[in-house]
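Listed below, chain by chain, are the residues.
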Amino acid sequence: MSKLVIENLHVSARDVEILKGVNLTLEEGETLALLGPNGHGKSTLLGAIMGNPNYTVTEGRIALDGKDVLAMSVDERSKAGIFLAMQYPSEIPGVNSASFLKAAMNARREKPMSLFTFYSELKKAYGEMGVPFEMSNRNLNEGFSGGEKKRNEILQMKLLDPKFSLLDEIDSGLDVDAIGVVSKAIVEEQKKGRGFLVVSHYARLYDLIQPTRVAIMINGRIQYEGDPSLIARIDQEGYEWLKREHGIEIEKENAGMNKVSIGTCAVKETIK
């Protein structure tokens, strides 16, 4: 069984330390919900795992099945079985979507797939994601709506077939129908044994995909882990109870943080 192990990970950006000793293990077949207030390192963790050059790992270890992930280039991490669905997918002018996907899929094969096989898989994936197949002829994410970009990220995941998928707020900007399509695709991949590390501020997504466990990141560290019942508690109470019951202080100044629910994405106070 595949395993992604993070030990004592310290990560900085522009000489500011963001992650301050993260320890986390994710096994194949698990879906781990990563919660925490805004600005405390969740997206940084996912970016560091994938090899985002904006982040510098100053200490610690990331291993995939015993292999040193930090020694791998970004494309090597992808080929090894790690996939990141980005919070803000980039538009790539001049790069045809179908050509991009074909190159990415063939990079994981000893022999290139036939054109017939590729288009059969591509058409199936577009259909499952509710995206018009004609969009495969457009440049990658160029002119796509926010929802189309997010569906396209999950479409890539389905075609690339990674061991572990890192989803960074994949549900942000999606309407109810689109969240249903995306969550259904995630559930289908869960049944195949895919491992997921999912960042979201919305309890609705977690209700649909049913994580197996929860980790809470505060102050650049994993401060607390538990079962999925933590999601409902945070949705109702915010993070104040962690201070009250476990002495965990939220160091970063963020007005009203302890009064918000997970479902309001740290924008509005919970309705009382």
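Bear in mind the structure is a predicted one, so any value in this text is a computation, not a measurement.

1. Quick look at the packing of aromatic side chains
Taken as a whole and judged by the stated rule, the model has 4 aromatic pairs. Residues phenylalanine 118 and tyrosine 119 carry aromatic rings whose centres are separated by 5.1 Å and whose planes lie at 70° to one another, so their mutual orientation is edge-to-face. Residue phenylalanine 118 is classed as buried on the basis of its relative accessible area, which comes to 1%. Between the aromatic rings of tyrosine 224 and tryptophan 241, the centroid separation amounts to 5.7 Å while the plane-to-plane angle is 90°, which identifies the pairing as edge-to-face. Within this pair, whereas tyrosine 224 is found in strand 12 (residues 221-226), its partner tryptophan 241 is found in helix 9 (residues 240-246), the two being separated by 17 residues in sequence. Tyrosine 224 gets classed as partly exposed once you look at its relative accessible area, which sits at 25%.

2. Describing the sheet that holds strand 1 (residues 3-13)
Spatially, the 4 strands line up as an open sheet ordered 2-1-4-5, and their pairing is antiparallel. The sheet is open, and its two borders are formed by strand 2 (16-27) and strand 5 (67-68), each paired with just one other strand. The pairing of strand 4 (residues 56-64) with strand 5 spans 2 bridges and is antiparallel. Note that in strand 5 the partner of leucine 64 across the bridge is lysine 67. Its contacts with the sheet put helix 1 (residues 42-50) on strand 1, strand 2 and strand 4, and the angle it makes with strand 1 is roughly 110°.

3. Concerning empty space enclosed by the protein
Counted by the stated rule, this structure contains 2 cavities of 30 Å³ or more. Taken as a whole, the second largest cavity spans an internal volume of roughly 40 Å³. Surrounding the second largest cavity, Leu4, Ile6, Leu24, Thr25, Leu26, Leu32, Ile49 and Leu197 form its lining. Elements with a minimum of two residues in the lining of the second largest cavity: strand 1 and strand 2.

4. Things to note about the nonpolar core
Among the nonpolar cores identified, the biggest contains 46 residues, and Ile154, Leu167, Ile170 and Ile216 are the most heavily contacted of them. One finds Val11, Leu26, Ile62 and Val69 within the second-largest nonpolar core, a separate group that totals 27 residues.

5. Looking at the sheet that holds strand 3 (residues 31-35)
Strand-to-strand pairing in sheets goes through backbone hydrogen bonds, with the strands running parallel or antiparallel. The 6 strands are arranged 6-9-10-3-11-12 in an open sheet whose pairing can be described as mixed. Unpaired on one side and paired on the other, strand 6 (82-85) and strand 12 mark the two borders of the sheet. Strand after strand, the sheet turns through a mean of 20° between neighbouring axes, direction not considered. Sheet topology note: the strand 11 (residues 213-218)/strand 12 ladder contains 5 bridges and is antiparallel. Paired with alanine 215 across the bridge in strand 12 is glutamate 225. The strands touched by helix 5 (residues 146-160) within the sheet are strand 6, strand 9 (164-168) and strand 10 (195-199), with strand 6 carrying the most contacts at an inclination of about 165°. Those strands touched by helix 8 (residues 229-237) are strand 3, strand 11 and strand 12, and its axis lies near 45° from that of strand 11.

6. Considerations on the layout of surface pockets
Looking at the largest pocket, its volume works out to about 990 Å³. In terms of lining, the largest pocket is formed by 40 residues, of which the most central are Met50, Asn52, Leu84, Met86 and Glu153. Broken down by secondary-structure element, the contributors of at least two residues to the lining of the largest pocket are helix 1, helix 2 (74-80), strand 6, helix 3 (97-106) and helix 5. At 6 residues, the largest contribution of residues to the lining of the largest pocket is made by helix 1. Looking at the lining of the largest pocket residue by residue, the class counts come to 18 nonpolar, 15 polar and 7 charged.

7. What to know about helix 8
Those residues of helix 8 not exposed but buried are Leu230, Ile231 and Ile234. For helix 8, the buried positions fall inside an angular range of 105° around the axis, keeping them on one side. Lining the buried residues of helix 8 we find strand 3, helix 7 (203-209), strand 11, strand 12 and helix 9. Where helix 8 ends, the next residue or the one after it, glycine 238, has phi of about 70°, a positive value.

Procedures and definitions
- Residues numbered from 1 in each chain as written.
- Predicted model: local features only at pLDDT ≥ 70, side-chain atom pairs only at ≥ 80, totals over all residues.
- Heavy atoms only, no water.
- Phe/Tyr/Trp six-rings, centres within 6.5 Å; stacked < 30°, edge-to-face > 60°.
- Buried < 20%, exposed > 50% of the residue type's maximum accessible area, 1.4 Å probe, protein only.
- Helix = DSSP H or I, 4+ residues; strand = E, 2+ residues; numbered from the N terminus.
- Pairing = 2+ DSSP bridges.
- Contact = heavy atoms within 4.5 Å.
- Axes fitted to C-alpha atoms, helices over the stretch in contact; angles between N-to-C directions.
- 1 Å grid on protein atoms, 1.4 Å probe; cavity = no way out; pocket = protein on both sides within 12 Å on 5 of 7 lines; lining within 4 Å.
- Points joined across faces, edges and corners; volume = space filled by probe spheres on them.
- Core = buried A, V, L, I, M, F, W, Y, C linked by side-chain atoms within 4.5 Å.
- Nonpolar A, V, L, I, M, F, W, Y, C, P; charged D, E, K, R; others polar.
- Arc of directions from axis to C-beta.

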